[in-house]
Amino acid sequence: DTLASDFGDESTIYAHDSSTGSARPIEISVRNPDNKVLVATNQSDGVASSSEALRVGEWYHIGAVWTSASSLALYLNGELVDNDTSVADATLDANTNDHTIGLRDFGSGSFNQFLDGSVDDLRIWNRELSAAEMKRLYGLGATTKINKTLNTNPDLENGLVGHWYGASTDKTNG
């Protein structure tokens, strides 16, 4: 879940660097000036975006599913809002590069595109989640906020490879 404070410049919610340098195998961000969520793969080989702007001061559940069938789906509050079915490469670059929450690393320790807001719960799976699972995740998040570990349905634990909760970003302190 993400709480928007003030979007300002382009704000990165999550990014993972590729092994080729500045290219991102996947990035989820809020684009300025329209405050719409965007998920992009491999320097925009695949792009899915919301049609509605996020409102400052509200929590949102944002989910992205990159499938082996070369599609990239974006979910907002449990609902599918966009699906790009022309993704060139559906292989996540397996490397040890940084996963960043709330900022973007342009290499050489050059961090920017800070998210002026909070990220309450971020999870990564090594499998495709269904639309029903995305809706279930939204339902879980709708009942809790900030620093709360949940015992979820065992199906949602299947393939879970990363889970960060209670993360917060503040560009004035960061």
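Residues numbered from 1 in each chain as written. Predicted model: local features only at pLDDT ≥ 70, side-chain atom pairs only at ≥ 80, totals over all residues. Heavy atoms only, no water.

Q: Where do I start with the side chain of S50 in this structure?
A: Its location among the elements puts S50 in the loop between β5 (46-49) and β6 (59-60). Take S50: its relative accessible area is 4%, and that puts it in the buried class. Within the structure, the side chain of S50 is placed 3.0 Å from the backbone oxygen of E52, a separation counted as a polar contact. Ignoring sequence-local partners within four residues, the contact set of S50 consists of K36, V37, L74, L76 and V81. (Helix = DSSP H or I, 4+ residues; strand = E, 2+ residues; numbered from the N terminus. Buried < 20%, exposed > 50% of the residue type's maximum accessible area, 1.4 Å probe, protein only. Polar contact = N/O pair within 3.5 Å; in protein donor to acceptor, adjacent residues only side chain to side chain. Contact = heavy atoms within 4.5 Å.)

Q: Even after reading the chapter, I still don't get the sheet that holds strand β9 (residues 79-84), so can you show me in this structure?
A: Pairing between sheet strands relies on hydrogen bonds along the backbone, with the strands arranged either parallel or antiparallel. Strand order across the open sheet formed by 3 strands is β7-β8-β9, with antiparallel pairing between neighbours. Every interior strand has two partners, whereas the edge strands, β7 (62-66) and β9, have only one. The average undirected angle you get between the axes of adjacent strands in this sheet is 20°. Where strand β8 (residues 72-76) meets β9, 5 bridges bridge the pair, whose relative direction is antiparallel. Across the sheet, Y75 pairs through a bridge with L80, a residue of β9. (Pairing = 2+ DSSP bridges. Axes fitted to C-alpha atoms, helices over the stretch in contact; angles between N-to-C directions.)

Q: Explain the pairing of strand β3 (residues 26-31) to me, please; I cannot follow it from the model alone.
A: With 5 of its 6 residues buried, β3 lies for the most part within the structure. Where strand β2 (residues 11-16) and β3 come together, 5 bridges link them in antiparallel fashion. In the strand pairing of β3, Y14 is matched with I28. Sheet analysis places β3 next to strand β4 (residues 36-41), joined by 6 bridges and oriented antiparallel. Counted as the bridge partner of E27 is A40 from β4.

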